[in-house]
Amino acid sequence: MAQLLGPDIARRAVTQVVGSNVYEYSGRSATVYLDDALTQLAPINTFNAGSPTTPGALIANSQVTLSARNSRLPLWWFPDGVDTLYVSVSGLSHSWMVTADVDSRLDTLTGGAGIRRAALTSFAGLAPSGQRAAGPISSLLTTHLGGTSRMFVPVPDQTQTSFLPVYENYYGGADAPGANAFTLAAAVEVGSTIVPFTFGGQHTVALAPGGTAIPDNPIAVPLTSVAYTGGAGTGSATGFWLRTYISVTSGQSYPVNVILANTLVSGEVDGASVAGGADLTLPGSGTVTTGPGGTYAFGPRAILSRSKTSRLFAAVGDSIINGQADSPSMYGYIDRAAVATSTPILKVGRPGDTASNFALSTGRFRRAAMIEGATDVFVAYGVNDLNNGGRSAAQLQADLTAIYALLAGMGARVHAVTIGPRTTSSDSFATTVNQVATGSGGTVLPATLAAVNDWIRTKPTNVYDVYDFADLVMSARNSGLWAVDGTANKYTPDGTHPGPFTYQSVLTPALTTYITTYKASAAYAA
């Protein structure tokens, strides 16, 4: 066993959470040991970015220094044959266990199928890359036996050209395991050639309920540009084509999480059918042409590529994070701003999700694991909590406080997102006078919404900054009503979700400016 590089990014942050406070130890020295009794110094070697595959000199006294920026351990080379070490920080009475990078550890490398849960933002040194991957919805598809889908994956950072899709078998608000295992295969299109991924050296993998499947190796893909139409107009994106094959037997089901818009992105198809479709992920396979398109399909939870940045972005929230009601659906302002700013963002939204659910360990444990290692996380929860008076302002603030503390404790900067309105209308949301927001009938009471949003705007404990979604989509600050200009369904088609105009012409430019300003700041590079 050769020397391994580490610690894994999910283990590098040295912090403590006490109540709602997160304590960092930036700049302190730390000593690295072989044993948890802290009796044997670990012979560790320096890491040199200029020679990233060659261990450097032995580190004197096995001592390193936590980053003055974010209380993180530096990288080093572990001793030969060792993948777990223990760190003692000066002035603290307890130690931290750290592991080498997860792609190299023999106890986690099991060929894709059955791989142990790891922080997907750091698997194999990879970071979020392609967009449109999304969390699960709350149901299983029970009517189809599977088939092959063809999905276009936009790539914001076009210096990234080798990719890994991440597939998982879970669904619903409690991240529940799927009802049964299913057969999975995946491939990318390299020009006219189909290049399949392998899982443990095999073309297919049986993905068990609650399991994760990550291919053995990334595939280099030449990026291409496609045009799409609909909603607020036309656009284009650069990325690659991904094929996913899934198969179940009669009476079984599988989770779905992406919408494939065949009429909006030419060539994008959900090829699943009631009778089951062919595996078109093999070399020489034909064109994916069958299936309805525009429906929920099974797709990747994440698309990963070799990281080109020291900062890793993620977003947690509900269907609005995923881009529901955009055109194409499931793009949304997160994806569009990611592409516009070359900032890959891993979306972990789930339609219908709530802050009260994500604040519970049982409601988030799979999705929280996906974003371990992220340095910046957008938190966009609340509208489903407040619907029909389900949660009070104080209760939602407590839930959000817990989420902010959780993410800050994981070493992330929290970018809080204010909450949009939820109303009904008698004139298709063309005017404010005909909108209703009473806290019942599928609406949110404006006074409660205003109390929470004004609290978020104060940047409560553990919030780094605020993206003011509410101000962008409301008719006026704290009105609790959607913006209007007399045009039916322009700002929202249903009173809950932004429409294509709002996603593309209001929210995306604002988030693009927000991210661009942040990336240009001294704090971003610090």
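The preceding data block contains the structure.
Keep in mind that what you see is a predicted model, and the values were worked out from it rather than measured.

Engineer: Just to check I follow, could you spell out the packing of aromatic side chains for this structure?
Structural biologist: We describe a pair of aromatic rings using the distance from one ring centre to the other and the angle between the two ring planes. Applying the stated criterion to the full structure yields 16 aromatic pairs. Taken together, a centroid distance of 5.9 Å and an interplanar angle of 20 degrees make the contact between W76 and F78 stacked. Judged on exposure class, the residue W76 and its partner F78 are both buried. For the pair Y333 and F469, a centre-to-centre distance of 5.8 Å together with 50 degrees between the ring planes defines the contact as tilted. Taken together, the residues span a long stretch of sequence, with Y333 in helix α2 (residues 332-341) and F469 in helix α8 (residues 469-473) at a distance of 136 residues. Overall, Y333 belongs to the buried group, its relative accessible area being 1%. Ring-pair connections join several aromatic residues into one group, and the members of that group are Y333, F378, Y467, F469 and Y514.

Engineer: I would appreciate a short explanation of the packing of helix α6 (residues 393-409) against helix α7 (residues 446-457) in the present structure.
Structural biologist: Helix-helix packing is described using two parameters, namely the angle between the two axes and the distance between the axes. Their axes nearest at 9 Å, the elements α6 and α7 cross at an angle of 30 degrees. Accordingly, the angle class assigned to the pair α6 and α7 is roughly parallel. Crossing of α6 over α7 shows right-handed handedness. Here A393, L396, Q397, L400, T401 and Y404 of α6 come into contact with α7, specifically with T448, A451, V452, W455 and I456.

Engineer: When you look at the pattern of salt bridges in this model, what are you seeing that I'm missing?
Structural biologist: Here the idea is simple: oppositely charged side chains can pair when their charged atoms come close. By the definition in use, this model includes 13 salt bridges. Two residues, R457 and D471, come together in a salt bridge whose shortest N-O distance is 3.1 Å. Residue R457 is located in helix α7, and its partner D471 is located in helix α8; the two are separated by 14 residues in the primary sequence. We classify R457 as buried; its relative accessible area is 18%. On the basis of relative accessible area, D471 is assigned to the partly exposed category, the value being 32%. Put simply, R477 and D468 hold a salt bridge, and the shortest N to O gap is 3.3 Å.

Engineer: What is the right way to read the pairing of strand β29 (residues 345-349) from this model?
Structural biologist: Looking along a regular strand, one sees side chains alternate from face to face of the sheet. For β29, the tally of buried residues reaches five of five residues, placing the bulk of the element in the interior. Relative to β29, strand β28 (residues 313-317) runs parallel, the two being bridged by five bridges. Paired with A314 across the two strands is L346, which belongs to β29.

Engineer: Hey, could you run me through the sheet that holds strand β9 (residues 95-99) in this one?
Structural biologist: Paired through their backbone hydrogen bonds, the strands of a sheet run either parallel or antiparallel. Pairing within the open sheet is antiparallel, and its four strands lie in the order β6-β4-β8-β9. A strand with exactly one partner marks an edge of an open sheet, and here the two such strands are β6 (63-65) and β9. Geometrically, the sheet is characterised by an average inter-axis angle of 35 degrees between neighbouring strands, direction not taken into account. One ladder, built from three bridges, connects strand β4 (residues 29-33) with β6; its direction is antiparallel. Residue pairing across strands places T31 opposite Q63, the latter belonging to β6.

Engineer: Is there a simple way to think about the environment of P74 in this case?
Structural biologist: Examined against the element boundaries, P74 turns out to sit in the loop between β6 and β7 (76-77). If sequence neighbours within four positions are ignored, P74 has contacts with G6, P7, R12, V64 and T65.

Engineer: When you look at the side chain of D468 in this model, what are you seeing that I'm missing?
Structural biologist: In this fold, D468 is placed in the loop between β34 (463-467) and α8. Here D468 falls in the buried class, since its relative accessible area comes to 17%. There is a polar contact of 3.3 Å between the side chain of D468 and the side chain of R477. If sequence neighbours within four positions are ignored, D468 has contacts with T418, R457 and R477.

Engineer: Would you explain the packing of α2 against helix α9 (residues 500-520) in this entry?
Structural biologist: Put simply, α2 and α9 touch, their axes get as near as 8 Å, and they point 50 degrees apart. Compared by their axis directions, α2 and α9 come out oblique. Crossing handedness for the pair α2 and α9: right-handed. On the side of α2, the interface is formed by G332, Y333, I334, R336, A337, A340 and T341, while α9 contributes Y503, Q504, L507, T508, L511, T512, I515, T516 and K519. Across the contact of α2 with α9, the residue classes break down as eight nonpolar, six polar and two charged.

Each value, and the rule that gives it
- Residues numbered from 1 in each chain as written.
- Predicted model: local features only at pLDDT ≥ 70, side-chain atom pairs only at ≥ 80, totals over all residues.
- Heavy atoms only, no water.
- Phe/Tyr/Trp six-rings, centres within 6.5 Å; stacked < 30°, edge-to-face > 60°.
- Buried < 20%, exposed > 50% of the residue type's maximum accessible area, 1.4 Å probe, protein only.
- Helix = DSSP H or I, 4+ residues; strand = E, 2+ residues; numbered from the N terminus.
- Axes fitted to C-alpha atoms, helices over the stretch in contact; angles between N-to-C directions.
- Parallel < 35°, antiparallel > 145°, perpendicular 65-115°, else oblique.
- Left-handed = near helix turned anticlockwise from the far one by under 90°.
- Contact = heavy atoms within 4.5 Å.
- Salt bridge = Lys/Arg side-chain N within 4 Å of Asp/Glu carboxyl O.
- Pairing = 2+ DSSP bridges.
- Polar contact = N/O pair within 3.5 Å; in protein donor to acceptor, adjacent residues only side chain to side chain.
- Nonpolar A, V, L, I, M, F, W, Y, C, P; charged D, E, K, R; others polar.

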